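Secondary and tertiary structure notes
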Amino acid sequence: MIEMLRNHDFNSAADYIRDVHWSFSVQERFIRKYYFAKHLDLDLSEEGNGAVE
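Please read all numbers here as calculations on a predicted model, not as lab measurements. (Residues numbered from 1 in each chain as written. Predicted model: local features only at pLDDT ≥ 70, side-chain atom pairs only at ≥ 80, totals over all residues. Heavy atoms only, no water.)

Comments concerning the pattern of salt bridges
- Scanning all chains against the criterion turns up 4 salt bridges.
- Between Asp 15 and Arg 18 there is a salt bridge, with the nearest N and O atoms lying 3.3 Å from each other. Taken together, the residues span about one helical turn, with Asp 15 and Arg 18 both in helix 2 (residues 10–21) at a distance of 3 residues.
- Overall, Asp 15 belongs to the partly exposed group, its relative accessible area being 34%.
- Here the salt bridges share partners, and the residues they tie into one network are Asp 15, Arg 18 and Asp 19. (Salt bridge = Lys/Arg side-chain N within 4 Å of Asp/Glu carboxyl O. Helix = DSSP H or I, 4+ residues; strand = E, 2+ residues; numbered from the N terminus. Buried < 20%, exposed > 50% of the residue type's maximum accessible area, 1.4 Å probe, protein only.)

Let's talk about the packing of aromatic side chains
- According to the stated counting rule, one finds 1 aromatic pair in the structure shown.
- A ring pair is formed by Tyr 34 and Tyr 35, whose centres lie 4.8 Å apart and whose planes are at 85 degrees; its orientation type is edge-to-face. Side by side, Tyr 34 and Tyr 35 carry an identical accessibility label, which is exposed. (Phe/Tyr/Trp six-rings, centres within 6.5 Å; stacked < 30°, edge-to-face > 60°.)

Listed below in structure tokens is the structure:
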């Protein structure tokens, strides 16, 4: 994507963002890992982003 932007190929960069970065089928394993992580794997402390009171 960086090369596309460097080459001013903005349409291809936009296509890449749409078809790869935002694609559920391409990103499914990362999405499932993030959203379905075990409770113990998450940082739920006040310092972490997912603080629970």
